[in-house]
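Examining the three-dimensional arrangement
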Amino acid sequence: MTSDVIVERLRRLGLELPPQRAPRHPYLAARVDAGVLYLSGKTATLDGSVQFAGPLRTAEDIEHGRKAAVLCALQVLAGIEAAVGLQRVHSVLRLTGYVASAPDFVSQPDVVNAASELLIEVLGGAGQHTRTAIGVAALPGGSAVELEATIRLIPEADQ
Amino acid sequence: MTSDVIVERLRRLGLELPPQRAPRHPYLAARVDAGVLYLSGKTATLDGSVQFAGPLRTAEDIEHGRKAAVLCALQVLAGIEAAVGLQRVHSVLRLTGYVASAPDFVSQPDVVNAASELLIEVLGGAGQHTRTAIGVAALPGGSAVELEATIRLIPEADQ
Amino acid sequence: MTSDVIVERLRRLGLELPPQRAPRHPYLAARVDAGVLYLSGKTATLDGSVQFAGPLRTAEDIEHGRKAAVLCALQVLAGIEAAVGLQRVHSVLRLTGYVASAPDFVSQPDVVNAASELLIEVLGGAGQHTRTAIGVAALPGGSAVELEATIRLIPEADQ
C-alpha cells in the first residue's frame, strides 16, 4: 500500500495529516533501530497548540476524548510519514494510550478506541496493534490524550 | 518446562488461569514479532468484570492492591498461554505495573511485588524481569492495577 | 567513548554516578536481550531514599522537578554502567519520563528536559532519544520523577 493510498483514505474520512515540525525539546521525533520505528509521544496538538484539553471527568467527556485520540492518531501517522513513509508500516507492535482522567473516569478504552479504529481503517491489517490504555493525572500542555507507538517496518528492499 | 508444570504450580498455590476472550475493543490481545511477545494491558478482571477496584489510598489498601496484582499476573500468564503457550517463555523483558493511586499513595512497589513474585514462583528464572511501577489516576473499568508485559520467546524449534 | 570520559564529563558538571544496589524488590535492575538493555524504572533516590518528592503543582515547582529528573538520569547512567558499562551505549531507543503531577500541572516536558539534556551532554549523539512525558498521580516512595530507559548497545566485539 503506497503512502498516497493512505492519505487518500484519510481524505475520504475528512481528515488530513497534520504538518510535522521538529520537537521544541531536546529529543528525537523518531528513531529507527533494527527495523523498528520508535515514535516520541504524540499529544492532541496542531502546530504545537493543544486542540483538545483534559482531564476527562464524566461519560459526557468521552466524545471530546475521542476527538483528541483521533488527532493523536493523525500525529502518529504524520510522524511515521515524516520518518520513513507510511508505506513502510508492517505492523504496530504496541500502542499505549494515556488519557488525562479525573479519578472517577474509567472509560479510557472507549476514548483510545477512536485512535485504534482510525489506525486500522487507514492502514488495514498493518494498523492492528496490542494496546494499553491508562488514565493519568495530566499530560503535556494539558492535552486530553497522548499516544506512544512502536512500529515494525517493512524492509526497504521489500517495498 | 511444559505448560502443564506451570499450571500445576498455580494449582498448588490455589490459583488457576482465568479464561481468555477476545478483546471487546479494536485491538489485538497479543502479537509476536521477531521472537518477542507483546501483550496488551491486563486489568484485574474475570470475564471482563473488574474484581478489585481502585484507587488505593492508604497502607491498609496494599493487600487489596496485591490481590489485584495477582489477578493481573494470572491474566498475563493466561494471555501467554493463549497466544503461544507458557512453555515458550524465555524471559520477561519488561513488566510495567500501573497502580490506580490517590496522590498520597506511594507504595506502588509493594503492590506490584505480588505480581512479580507470582511470575517468578511459577516460571522460575524465566519469570524474572525488569520493572517499572507507576501510580496513575484511574484504570479501565476502575481496576486497581494494570500490567503490561513484553516477553522473549524460546524459538519453536528449541522447545 | 570510554566510560572514564563520560564519568569525567559528569565530574566537570559537578555530578557523579550514584552508588547502585540490588533492587530490594523481586525484580532485575537490568536485562540485556538481543543487544538491547532494558533498565528498570529509576526514581530520584540516593541509597534508596527519595531526594526530590512530588507531586509538582505550579510553575514554581519546575526547577524542583528538574533536579529530580537530573538525579533520575544519573541513576539511569549508573544503571547502565553497572549492567554493561557506559562505553557500550549505541543509542537510547526510548525514554519515558513520568512526573508526579497535580491535575493542573502540565509542564512535564520542561521537567523531563533536564534528564534529556544531561543524557545528550554526557553521551553525545549516543544520548539522543525518542521520548514520552507523562503526568502521573504518584510515584514509588513519593519521588517527583521516574525514568524508564531502553538502550541499544554496541556489540562487545565492536567496542
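Residues numbered from 1 in each chain as written. Chains lettered and ligands numbered in written order. Predicted model: local features only at pLDDT ≥ 70, side-chain atom pairs only at ≥ 80, totals over all residues. Heavy atoms only, no water.

1. Some details on the relation of the copies chain A and chain B
To be explicit about the condition: In superposing the copies, a least-squares fit is computed on C-alpha atoms, taking residues whose pLDDT is at least 70 in both. Contacts between residues were defined by any pair of non-hydrogen atoms, one from each residue, lying within 4.5 Å.
With an RMSD of 0.0 Å, the fit of chain A onto chain B corresponds to turning through 120° and sliding 0.0 Å along the axis. Both chain copies can therefore be described as sitting about a three-fold axis. Mapped onto chain B, only 10% of the interface residues of chain A are again interface residues, and the two copies thus contact each other with different surfaces.

2. Describing the interface of chain C and chain A
By convention, interface size is frequently given as the accessible area that disappears when the constituent parts associate. Note the threshold: Accessible area that two parts lose when put together, evaluated with a 1.4 Å probe and summed over both, is termed the buried area. One side-chain nitrogen of Lys or Arg within 4 Å of one carboxyl oxygen of Asp or Glu is enough to make a salt bridge. Polar contact criterion, stated in full: a pair of N or O atoms within 3.5 Å, where within protein one must be able to donate a hydrogen and the other to accept it, and residues adjacent in sequence count only if both atoms are side-chain atoms. In DSSP terms, a helix is any run of H or I states spanning at least four residues, a strand is any run of E spanning at least two, and both are numbered starting from the N terminus. Polar here means any residue other than Ala, Val, Leu, Ile, Met, Phe, Trp, Tyr, Cys and Pro, which are nonpolar, and Asp, Glu, Lys and Arg, which are charged; Gly is therefore polar.
Taken together, the contacts link 30 residues of chain C with 25 residues of chain A. Interface area for chain C against chain A, summed over the two sides, is near 2000 Å², with a carbon-plus-sulfur share of 56%. Summed over the shared surface of chain C and chain A, the number is two salt bridges. The shortest N-O distance in the salt bridge between Glu148(A) and Arg94(C) comes to 3.6 Å. Applying the counting rule to chain C against chain A returns 15 residue pairs in polar contact (both at pLDDT 80 or more). Among the elements of the structure, β6 (89-100), α3 (108-123) and β7 (129-136) of chain C are those that each provide at least two residues to the side of chain C that touches chain A. Top contributing element to the side of chain C that touches chain A by residue count: β7(C), with eight residues. For the side of chain C that touches chain A, the class distribution of residues is 13 nonpolar, twelve polar and five charged.

3. A few points about the interface of chain A and chain B
At the interface, 30 residues of chain A touch 25 residues of chain B. Around 2100 Å² of area is buried between chain A and chain B when both sides are counted, 56% of it from carbon and sulfur atoms. Counting across the interface, chain A meets chain B through two salt bridges. Among the elements of the structure, β6 (89-100), α3 (108-123) and β7 (129-136) of chain A are those that each provide at least two residues to the side of chain A that touches chain B. Counting residues per element, the side of chain A that touches chain B draws most heavily on β7(A), which supplies eight residues.

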